[in-house]
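Take a look at the letters that make up each chain.
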Amino acid sequence: MESVAANRTTSNDEARRRMLAIRGEPMFYARWDRAVFIHYEADPAALQLDVPFELDLRQGRAFVSIVAFTLSRMRPRIGGRLGEWLFKPIATHEFLNVRTYVRHRGEPGIYFLAEWLSNPLSVHLGPRTFGLPYKFGRLIYDHARVRGDIRERSRHAKDG
């Protein structure tokens, strides 16, 4: 089991080095606050029909995850305080996505099946900028630290 984890770490380190070697990468910095990941096992054959990349299976099993978090302080890698100020209108919003895990050219990756954002401006800019399937959703995350539980309420809204 240790060799699997060591190989994964080596693969991740190599991918990180390649990404950082590309001029202009990473494009943005941001924080993920109060992230929650919920994983479900899925039938690989059925899931593969909806995913254009090879699934990254774990012991023959495929997984779909629901991920909820608040993205904050999104800003460009370059530009310093001015860049951060210019990004204020889209710097913070709630995210909810449904994703699965894939392999492309021998490397692990994530394929987004659906994504909802709470900031309408980000919804309009995201698909054109990143090609991701953003949709607008009224996402309200209630992080009740005193009680120790987290509640989420969302409602899908039509684009626009």
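Residue numbers here run from 1 along each chain, matching the order of that chain's written sequence. In view of the model being predicted, local features appear only for residues whose pLDDT reaches at least 70, and side-chain atom pairs are presented and counted only at 80 or more, with totals across whole chains, interfaces and linings using the full set of residues. Hydrogens and water molecules were not included; the side-chain quantities draw on all heavy atoms of the structure.

1. Quick word on the side chain of Glu94
Put simply, DSSP marks the helices as runs of H or I at least four residues long and the strands as runs of E at least two long, and each gets a number from the N terminus on. Among the structural elements, Glu94 can be located in strand E4 (residues 93-104). Categorising residues by exposure relies on relative accessible area from a 1.4 Å probe, with only protein chains included: less than 20% of the type maximum marks a residue as buried, more than 50% marks it as exposed, and the intermediate range marks it as partly exposed. Positive residues here are Lys and Arg, negative ones are Asp and Glu, while His and the chain termini are left out of the count. Salt bridge, as applied in this entry: a Lys or Arg side-chain nitrogen positioned within 4 Å of an Asp or Glu carboxyl oxygen. For the buried Glu94, no salt bridge exists, and the shortest N-O distance to an oppositely charged side chain is 5.7 Å, to Arg34. At a separation of 3.3 Å, a polar atom in the side chain of Glu94 contacts the side chain of Thr70. Ignoring anything within four residues of it in the chain, the contact list for Glu94 reads Phe69, Thr70, Trp116, Leu117, Ser118, Leu139 and Tyr141. Think of a polar contact as two N or O atoms within 3.5 Å of one another; within protein, one of them needs to be a possible hydrogen donor and the other a possible acceptor, and neighboring residues in sequence only count if both atoms come from side chains. The contact criterion used is simple: two residues touch if any of their non-hydrogen atoms lie within 4.5 Å.

2. Brief notes about the environment of Glu54
With respect to the helices, strands and loops of the structure, Glu54 is situated in strand E2 (residues 54-55). A relative accessible area of 52% means that Glu54 is categorised as exposed. Taking C-alpha positions, Glu54 is 5.4 Å from Arg103, a pair spaced 49 residues apart along the chain. Setting aside chain neighbours within four positions, we find Glu54 in contact with Gln48, Val102 and Arg103.

3. As for the packing of aromatic side chains
Stacked, edge-to-face and tilted labels apply to pairs of Phe, Tyr and Trp rings (six-membered ring for Trp) whose centres lie within 6.5 Å, assigned for plane angles under 30 degrees, over 60, and everything in between, in that order. Throughout the structure, instances matching the rule amount to six aromatic pairs. Centroid distance Trp32 to Phe69: 3.9 Å. Interplanar angle 10°. Geometry classified as stacked. Taken together, the positions of Trp32 in strand E1 (residues 28-42) and Phe69 in strand E3 (residues 62-76) put the pair 37 residues apart, joining distant regions of the chain. On the basis of relative accessible area, Trp32 is assigned to the partly exposed category, the value being 44%. A connected cluster of aromatic rings, assembled from ring pairs, spans Trp32, Phe37, Phe69, Phe95 and Tyr134.

4. A closer look at the confidence of the model for the protein chain
On average, residues of the protein chain carry a pLDDT of 83, and 76% of them reach 70 or more. The score called pLDDT rates the predictor's confidence residue by residue, from a low of 0 to a high of 100. Within the protein chain, the lowest mean pLDDT, 61, falls on strand E7 (residues 149-156), and the highest, 97, falls on helix H2 (residues 44-48).

5. Focus on helix H4 (residues 120-130)
Looking only at H4, the buried set comprises Ser122, Val123 and Gly126. Projection of H4 onto a plane perpendicular to its axis shows the buried side chains occupying an angular sector of 100°, all on one side. Taking the backbone nitrogen of Leu121 as reference, a side-chain oxygen 2.9 Å away marks Asn119 as the first, capping residue of H4. Within two residues after H4, Gly131 carries a phi angle of roughly 70°, on the positive side. This arc describes the spread of directions from the helix axis toward the C-beta atoms.

6. With respect to the side chain of Ser72
By the secondary structure assignment, Ser72 is in strand E3. Within the structure, Ser72 has its side chain in polar contact with the side chain of Asp33 (distance 2.7 Å). Discounting chain neighbours no more than four positions away, the residues touching Ser72 are Ala30, Arg31, Asp33, Ala91 and Thr92.

7. Notes on the pattern of salt bridges
Pairs can form between side chains of opposite charge whenever their charged atoms are close. Throughout the structure, instances matching the rule amount to five salt bridges. The shortest N-O distance in the salt bridge between Asp33 and Arg31 comes to 2.9 Å. Under the relative-accessibility criterion, Arg31 is labelled partly exposed at 42%. Its salt-bridge partner being Asp56, residue Arg58 comes within 3.2 Å of it at the nearest N-O pair. Within this structure, Asp56, Arg58 and Arg103 form a network of salt bridges that share partners.

8. A few points about the nonpolar core
Counting eleven residues, the largest nonpolar core consists of Val67, Phe69, Leu71, Met74, Phe87, Ile90, Phe95, Leu117, Val123, Tyr134 and Phe136. Sorting the residues of this core by element identifies E3 and strand E6 (134-144) as the ones contributing at least two each. Looking at this core element by element, the count peaks at four residues for E3. If we ignore the near neighbours within four places in the chain, the residues touching Phe69 are Trp32, Asp33, Arg34, Ala35, His93, Glu94, Phe95, Asn97 and Tyr141. Side-chain atoms within 4.5 Å are what join buried Ala, Val, Leu, Ile, Met, Phe, Trp, Tyr and Cys residues into a set we call a nonpolar core. Judged by nonpolar contacts, the second largest core, of seven residues, contains Ala42, Val51, Leu55 and Val102.

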